[in-house]
Every structure is written in C-alpha cells, then in structure tokens.
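Here is what each chain is made of, one letter per residue.
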Amino acid sequence: MKKTLSALLVAFCLATVVAFAQETQQEELAYEPSALTYRNAVVYKVFDHKDVVIVMYAKHDSGIAQVQIPKRWSQEYPRKLNYRTCPPGINPFMTVMYQNGEFFKVLLTLPPVTSPDNLWAVAPAYMDFSEAASVDTLEFEY
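Residues numbered from 1 in each chain as written. Predicted model: local features only at pLDDT ≥ 70, side-chain atom pairs only at ≥ 80, totals over all residues. Heavy atoms only, no water.

1. Side note on the pattern of salt bridges
Considering all chains together, one arrives at four salt bridges under this definition. Lys71 is the salt-bridge partner of Asp48, the closest N and O atoms lying 2.5 Å from each other. With Asp48 in strand β1 (residues 36-48) and Lys71 in the loop between β3 (64-70) and β4 (81-85), this pair connects stretches of sequence that are 23 residues apart. For Asp48, a relative accessible area of 30% puts it in the partly exposed group. Across the pair Glu76 and Arg72 runs a salt bridge, and its minimum N-O distance is 2.5 Å. Judged by relative accessible area, Glu76 falls into the partly exposed class, the value being 30%. Residue Arg72 is classed as partly exposed on the basis of its relative accessible area of 26%. (Salt bridge = Lys/Arg side-chain N within 4 Å of Asp/Glu carboxyl O. Helix = DSSP H or I, 4+ residues; strand = E, 2+ residues; numbered from the N terminus. Buried < 20%, exposed > 50% of the residue type's maximum accessible area, 1.4 Å probe, protein only.)

What follows is the structure, encoded as structure tokens:
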C-alpha cells in the first residue's frame, strides 16, 4: 500500500512538472533589445586642463588613443560626463555609452586624484583646447 501511494505521488509530481513546463514554453516572452550600447576601454593616463579632461586609453587593437572630453559636460543637464570612484583592485576604465547608435554619455571610473598611483597629471596651461571644449559629441576610436 505504501509503495503504491508513493508511486502515485511521484507520478503526480512528474505530471505536474511536465504540465507547467509545457505551459511555460508556450508563453511568448516579450523581448525588446535595448537602445543603449556601450564600449569600455582601460585608462592609462588622465590629464587635467581648465577646459577639458584628456584621457589616454587602450584601443582594441593594442594601441593607445586619446580623447579630449569637455569639462562642461559634467555641469550640463543631462550630464554627458560622469565620474565614478574606482574600487580598489580594479584598473581604471572609461565607458562610452550610445543610445540608438549616437553618442549618449561617457563614464570615467578613476581612482581619486589623491591616490598614490601616477594616473592623474596636469596638462600644460599654454595648450589651447578651446575647439575640443566646444564639441557636443565624442569621437571614440575603438
């Protein structure tokens, strides 16, 4: 009697699992791809200037590139430039975000300026970056 009841109980459980599995497979999941895409790059050096932030970063094909990011982007709304503090043990990196294929914003994940590593530097004051400070989009070589 006990064997029969346990066999019936196991059969009932299996039938229930199979029924729910078929029901779940028949439901269509609404999937819409995100309009946001991003690219990450390791940051080697950041130069501070009164108008721009100059970032030297690793290109995908093992080269080094640089980009000038206007500082005014961090003060406008919506912000196109955000800074985040880099957690210990993680290399500094830059995330460039695109919305519908067009530039949206850049996130710089960097250690604090007071950190002991040599990531931060100051660009010479005589250098003129007025043209780079007036752009509204970012040209990112990947």
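So much for the structure itself; the text now carries on.
2. Brief notes about the confidence of the model for the protein chain
Scored by pLDDT, the protein chain comes out at a mean of 82, with 79% of its residues at no less than 70. No element of the protein chain has a lower mean pLDDT than helix α1 (residues 2-26), which averages 58, and none a higher one than strand β5 (residues 93-99), which averages 94. (pLDDT = per-residue confidence, 0-100.)

3. A few points about a nonpolar patch on the surface
Together, Val42, Tyr44 and Ile64 line one region of the surface with nonpolar side chains, adding up to about 290 Å² of accessible area. Position of Ile64 among the secondary structure elements: in strand β3. (Patch = residues over 30% accessible without salt bridge, like charges linked within 9 Å, V, L, I, M, F, W, Y side chains within 5 Å. Areas by Shrake-Rupley, 256 points an atom, 1.4 Å probe, with all protein chains shown as cover.)

4. A closer look at the packing of aromatic side chains
Within this structure, the stated rule accounts for two aromatic pairs. Between Tyr57 and Phe140, the ring centres sit 5.0 Å apart and the planes meet at 20 degrees, which makes this aromatic pair stacked. Of this pair, Tyr57 sits in strand β2 (residues 52-58) while Phe140 sits in the segment after α2 (130-133); the two residues are 83 residues apart in sequence, bridging distant segments of the chain. Of the residues examined, Phe140 reaches a relative accessible area of 13% and is grouped as buried. (Phe/Tyr/Trp six-rings, centres within 6.5 Å; stacked < 30°, edge-to-face > 60°.)

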